[in-house]
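Residue-level structural notes
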There are 2 protein chains.
Amino acid sequence: MNYPNGTKAKQKLSNKNAKQKVSYSNRGMTLEEDINITNEIYLNENKAVIHKKPTPIQIVDVYYPKRSAAVIKEAYFKAKSTTDFNGIYQGRYIDFEAKETKNKTRFPLANIHSHQIEHMSAILKHGGLCFAIIRFTTLDSTYFLEGQTLINLIEKCKSIKQKSIHIDDFNSQGYLIPFTYPKRIDYLKIVDQLYF
Amino acid sequence: MNYPNGTKAKQKLSNKNAKQKVSYSNRGMTLEEDINITNEIYLNENKAVIHKKPTPIQIVDVYYPKRSAAVIKEAYFKAKSTTDFNGIYQGRYIDFEAKETKNKTRFPLANIHSHQIEHMSAILKHGGLCFAIIRFTTLDSTYFLEGQTLINLIEKCKSIKQKSIHIDDFNSQGYLIPFTYPKRIDYLKIVDQLYF
């Protein structure tokens, strides 16, 4: 939004600064944004090459104006068949999914598609490093969950007809990723501890 | 599309079969389609997990109709900062770019962005397998070019102020990928020979 006199926009900005000074909280940034910033730092440090894959889109209609860029006039979001992020770290293939929930005690399974679980399982079979980063936004808690752990938890839930994973399971089987600065979600620290 | 009586769908299918029987030619399919089909077979065979990344799009306007899927009403194509395909094979990170040209003797450098070359160079430094698959569509010739070879050729061209790579360089420094069936572009055969 553009505010001609700038008041509202300025107000927003100063609120945000004030919050950051007090708490270093990640509020206001999505998990995806936090991970993108972290990946950019990894890339600049020559530590890892990990990117978010673009959102898959089904394009239906494109308009090609003369002398300017093509405009997509009609398109739809497609379901993802793989995970959000992949790349290379220490010579190893890295692949992970990132998800947020506003729920305070449970992570709904509906957030992860069966295609994505199949993909994670295939990556593990081929020797890749595969995991999920899951944030409970209301609690400001971000967890690292190994791929096989997530797959096992999902199977356990299904066998007892539950539609979500309880946060207790995250606390006992996952790893909290602290919010740090400037690497907001420094997940490779946990990768180092677990796999190297 | 659903055809209630199945005629059109059947007709299409038999045309396709007929063509394939006669010439085994890849005409009519883009390089990207050929690679996607090949990757699907690799995936089903449990040989490798390699996917095309979706085209990056800048979404400007989305319309959310009640009771039906969101429609993107305005969006633009963004420049790619990485390559088209990546994944895992034999536990190794695989990353490559696929390009076509209608030119018969030269591959124009304008087809590959500097960001993509930087990305390929970073992947090689991190120990990934990185290459390009380039098709001269008019000649029906598809080449496999190792990442470092492509980077060297581009630098050579730039140093002598040429804007394209001559097909002679592909013949002397690349590897022809024969069109085969059902794996239309069986590039992992060349990966096997070069790296395993």
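What counts and what doesn't
Residues numbered from 1 in each chain as written. Chains lettered and ligands numbered in written order. Predicted model: local features only at pLDDT ≥ 70, side-chain atom pairs only at ≥ 80, totals over all residues. Heavy atoms only, no water. Helix = DSSP H or I, 4+ residues; strand = E, 2+ residues; numbered from the N terminus. Buried < 20%, exposed > 50% of the residue type's maximum accessible area, 1.4 Å probe, protein only. Contact = heavy atoms within 4.5 Å. Areas by Shrake-Rupley, 256 points an atom, 1.4 Å probe, with all protein chains shown as cover. Core = buried A, V, L, I, M, F, W, Y, C linked by side-chain atoms within 4.5 Å. Buried area = accessible area lost by both parts, 1.4 Å probe. Salt bridge = Lys/Arg side-chain N within 4 Å of Asp/Glu carboxyl O. Polar contact = N/O pair within 3.5 Å; in protein donor to acceptor, adjacent residues only side chain to side chain. Pairing = 2+ DSSP bridges. Axes fitted to C-alpha atoms, helices over the stretch in contact; angles between N-to-C directions. Phe/Tyr/Trp six-rings, centres within 6.5 Å; stacked < 30°, edge-to-face > 60°. Least-squares fit on C-alpha atoms with pLDDT ≥ 70 in both. Expected span 1.5 Å × (residues − 1).

Re the overall build of chain A
The number of helices and strands found in chain A is six helices and ten strands. For chain A, the proportion of its 196 residues judged to be buried stands at 42%. Within chain A, counting contacts between residues at least 6 apart in sequence, those at least 24 apart form 65% of the total. When the accessible area of chain A is evaluated, it comes to approximately 11,000 Å², of which 51% is carbon and sulfur surface.

Some remarks on the nonpolar core
Membership of the largest hydrophobic core comes to 48 residues, with the highest contact counts inside it found for L150(A), I165(A), F170(A), L150(B), I165(B) and F170(B). Not counting residues up to four positions away in its chain, the partners in contact with F170(B) are F107(B), I134(B), F136(B), Y143(B), L145(B), I165(B) and Y175(B).

Notes on the interface of chain B and chain A
Chain B puts 32 residues into the contact, and the matching count from chain A is 32 residues. Counting the surface lost from both chain B and chain A, the interface buries some 2,800 Å², and carbon and sulfur atoms represent 69% of this. Counting the surface chain B buries against chain A, the share from its top three residues, I72(B), I88(B) and H126(B), is 23%. In this assembly, chain B and chain A are joined by zero salt bridges. The interface formed by chain B and chain A holds seven residue pairs in polar contact (both at pLDDT 80 or more) in total. Within the residue set of the side of chain B that touches chain A, elements represented by two or more residues are β1 (48-52), β2 (57-63), β3 (71-77), β4 (85-89) and α3 (114-125) of chain B. In terms of residue count, β3(B) provides more of the side of chain B that touches chain A than any other element does, seven residues in total.

A few points about the sheet that holds strand β4 (residues 85-89) of chain A
Residues and elements named next belong to chain A. With mixed pairing, the six strands of this open sheet are ordered in space as β1-β4-β5-β7-β8-β10. The open sheet is flanked by β1 (48-52) and β10 (175-176), the only strands paired with a single partner. On top of the sheet, helix α4 (residues 147-159) reaches β7 (129-136) and β8 (141-146); it is set at about 95 degrees to β8, its chief contact.

Focus on the side chain of T83(A)
Residue and element names in this part refer to chain A. Of note, T83 is situated in the loop between β3 (71-77) and β4. For T83, a relative accessible area of 1% corresponds to the buried category. At 2.3 Å, the side chain of T83 forms a polar contact with the side chain of D95. The residues touching T83, leaving out its near neighbours within four places in the chain, are K53, D95, F96, E97, Q116, H119 and M120.

Considering the packing of aromatic side chains
Counted under the stated rule, the structure contains 25 aromatic pairs over all chains. A ring pair is formed by F96(B) and F131(B), whose centres lie 4.8 Å apart and whose planes are at 10 degrees; its orientation type is stacked. Residue F96(B) is found in strand β5 (residues 92-101), and its partner F131(B) is found in strand β7 (residues 129-136); the two are separated by 35 residues along the sequence. Here F131(B) falls in the buried class, since its relative accessible area comes to 0%. Ring geometry for Y143(B) versus F170(B): centroids 5.4 Å apart, planes at 55 degrees, classification tilted. Linking Y143(B) in strand β8 (residues 141-146) with F170(B) in helix α5 (residues 167-173), this pair joins segments that are 27 residues apart in sequence. Accessibility expressed as a relative area gives 0% for F170(B), which makes it buried. Through a chain of ring-to-ring contacts, three or more aromatic side chains come together here, namely Y42(A), F85(A), F96(A), F131(A), F144(A), Y175(A) and Y187(A).

Points about the relation of the copies chain B and chain A
Least-squares fitting of chain B to chain A yields an RMSD of 0.0 Å, with the transformation described by 0.0 Å of translation along the axis and a rotation of 180 degrees. The relationship between the two copies is best expressed as a two-fold rotation axis. A high fraction, 100%, of the interface residues of chain B reappear at the interface in chain A, so the copies pair face to face through one surface.

A short note on the environment of D61(B)
Residues and elements named next belong to chain B. Structurally, D61 is set in strand β2. Taking the relative accessible area as the measure of exposure, D61 reaches 35% and is therefore partly exposed. With 13 residues separating them in the primary sequence, D61 and E74 have C-alpha atoms 4.9 Å apart. The contact partners of D61, leaving out residues within four places of it in the chain, are V71, I72, K73 and E74.

Notes on unusual backbone geometry
All names here are of chain A. Going from Y181 to P182, the amide bond is cis rather than trans, its omega being 5 degrees. Mapped onto the elements, P182 comes out in the loop between β10 and α6 (187-195). Residue D140 is not a glycine yet carries a positive backbone phi of 60 degrees. You can see D140 is positioned in the loop between β7 and β8.

Regarding α4(A)
Residue and element names in this part refer to chain A. Given a rise of 1.5 Å per residue, 13 residues ought to cover 18 Å, and the 18 Å separating the end C-alpha atoms of α4 matches this to within 8%. For α4, the full list of buried residues reads G147, T149, L150, I151, L153, I154 and C157. Where α4 ends, the next residue or the one after it, K161, has phi of about 55 degrees, a positive value.

Geometry only, nothing functional implied.
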